[in-house]
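Okay, here's what each chain looks like letter by letter:
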Amino acid sequence: MACASFAKLNAASFYSIGGHKSFTQRPGSSTSLATRTVSLPIRAGSFTDELIQTAKTIASPGRGILAIDESNATCGKRLSSIGLDNTEPNCQAYRQLLLTTPGLGEYISGAILFEETLYQSTTDGKKFVDVLRDQKIVPGIKVDKGLVPLPGSNNESWCQGLDGLASRSAEYYKHGARFAKWRTVVSIPCGPSALAVKEAAWGLARYASISQDNGLVPIVEPEILLDGDHPIERTLEVAEKVWAEVFYYLAENNVIFEGILLKPSMVTPGAEHKQKASPDTIAKYTLTMLKRRVPPAVPGIMFLSGGQSEVEATLNLNAMNQSPNPWHVSFSYARALQNTVLKTWQGRLENVEAAQKALLVRAKANSLAQLGKYSAEDESEEAKRGMFVKGYTY
């Protein structure tokens, strides 16, 4: 169901010119958006240069992000799929397998960690943060506190975690984190309601501003869930509305666009739609949305996989890199990098080397996709297996 209150945003275009950011009413529009016109100079903070450099480092050619920021509960679900108990030693062993993979830094520029992982060490006593730094991988941290029901909405959610975020972010920076992640979600089957979209956008903007004030590059992630049977055109419509709202509030909060990264969903049909879209079609719709909504000042677009199979996520990314883009278009995958790895490992010490090789295969495939040079010819059947779970929670 379309939301009438989005009309104001549909009448707007976003600009970032000469170091200023503003929304400007489209010629011929009769909406009242002009009353919301913003024109703000980019703020100069003590971390500005570092933020911009960190974002550039993560958005470097042929590299992307490994997301291993699953909560303990979600990590437990993954371990249970291979018959392991959800214990801290088992979680630590799996994370160690991933982060100590030799040569990982050739394809991975950043790793998003769960809070406990930031402070953990390998069994040899080396901090995971130092393991990453040695491979020239930037450590990142999940800072949100999860989704809760949004009162007054159509059974939608909002993301909590702003309370105490500044002090937590300062502590994360002290322990080596240099970028942050905050994930909120938008559900198409639930509307989305104007309230849910505004809450998502405002929360992301406040988080981004607080992160930058404390030296962390914020990943801005309003995930548009795959759930639903809607066509790709409906996903495009919602994505454009969501990102218009997000960038309006980012500007209002004086967020430095050169010091952020985006983690959008690809524009695809709903997972239960009767007709699947080809990689070329997904690339066309996704890039159309991004070019309409994302200023070129943003250094990197790091896509989430959202339940696509490993191969689907890589093919779609590859299709988006067949011609130059205004931003670095890459990946920030969790399941789409880890599924085959987990199945290969099976919790057995003797399988660690084979599992790490499987991770390198997926990381290299997505590295090639970021460069527009990927081919799916030799992919395994396991890598082609879809991973969508209706109502999936992290």
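Figured I'd write up the structure that's included with this text. Computed from a predicted model, the values in this text were never measured in an experiment. (Residues numbered from 1 in each chain as written. Predicted model: local features only at pLDDT ≥ 70, side-chain atom pairs only at ≥ 80, totals over all residues. Heavy atoms only, no water.)

Strand pairing in a sheet relies on backbone hydrogen bonds, with the paired strands running either antiparallel or parallel. Taken together, eight strands build a closed barrel; the order of strands is E4-E5-E6-E9-E10-E11-E12-E13 and the barrel is parallel. Direction of pairing for strand E10 (residues 217-224) relative to strand E11 (residues 261-262): parallel, over a ladder of two bridges. Bridging from a neighbouring strand, Ile219 pairs with Leu261 of E11. Packed on one face of the sheet, helix H11 (residues 310-320) meets strand E12 (300-303) and strand E13 (328-333) and runs near 170 degrees to E13. (Pairing = 2+ DSSP bridges. Helix = DSSP H or I, 4+ residues; strand = E, 2+ residues; numbered from the N terminus. Contact = heavy atoms within 4.5 Å. Axes fitted to C-alpha atoms, helices over the stretch in contact; angles between N-to-C directions.)

All right, on to the packing of aromatic side chains then. Under the criterion given, the structure shown has eight aromatic pairs. When the ring of Trp243 is compared with that of Phe247, the centres are 6.0 Å apart and the planes differ by 35 degrees; the resulting orientation is tilted. Here the residue Trp243 and the residue Phe247 both occupy positions in helix H9 (residues 232-252), the gap between them amounting to four residues, near one helical turn. The exposure classification of Trp243 matches that of Phe247, with both residues buried. Considering the side-chain rings of Tyr248 and Tyr249, the 5.1 Å spacing of their centres and the 80 degrees angle between planes classify their relative orientation as edge-to-face. There is no split in this pair, since Tyr248 and Tyr249 are both buried. Here the aromatic residues Trp202, Tyr248 and Tyr249 are joined through ring pairs into a cluster of three or more. Over the face of the ring belonging to Tyr173 we find Arg178, whose NZ or CZ atom lies 3.7 Å from the ring centre. (Phe/Tyr/Trp six-rings, centres within 6.5 Å; stacked < 30°, edge-to-face > 60°. Buried < 20%, exposed > 50% of the residue type's maximum accessible area, 1.4 Å probe, protein only. Lys NZ or Arg CZ within 6 Å of the ring centre and 35° of its normal.)

Here we take up H11. Counting buried residues along H11, nine of its 11 residues qualify, which places the element largely inside the surrounding structure. Among all positions in H11, only Glu310, Val311, Ala313, Thr314, Asn316, Leu317, Asn318, Ala319 and Met320 are buried.

What follows is about the pattern of salt bridges. All chains considered together, the criterion is met by 16 salt bridges. Among the ionic pairs, Glu115 bridges to Lys145, the shortest N-O distance being 3.9 Å. Note that Glu115 is positioned in helix H5 (residues 115-119) and Lys145 in the loop between strand E6 (138-142) and strand E7 (147-149), a separation of 30 residues in sequence. The partner of Glu223 in a salt bridge is Arg183, with the nearest N and O atoms 2.7 Å apart. With Glu223 in strand E10 and Arg183 in strand E9 (residues 179-186), this residue pair connects regions lying 40 residues apart in the sequence. Arg183 carries the same exposure label as Glu223, and that label is buried. Within this structure, Asp69, Lys181 and Glu221 form a network of salt bridges that share partners. (Salt bridge = Lys/Arg side-chain N within 4 Å of Asp/Glu carboxyl O.)

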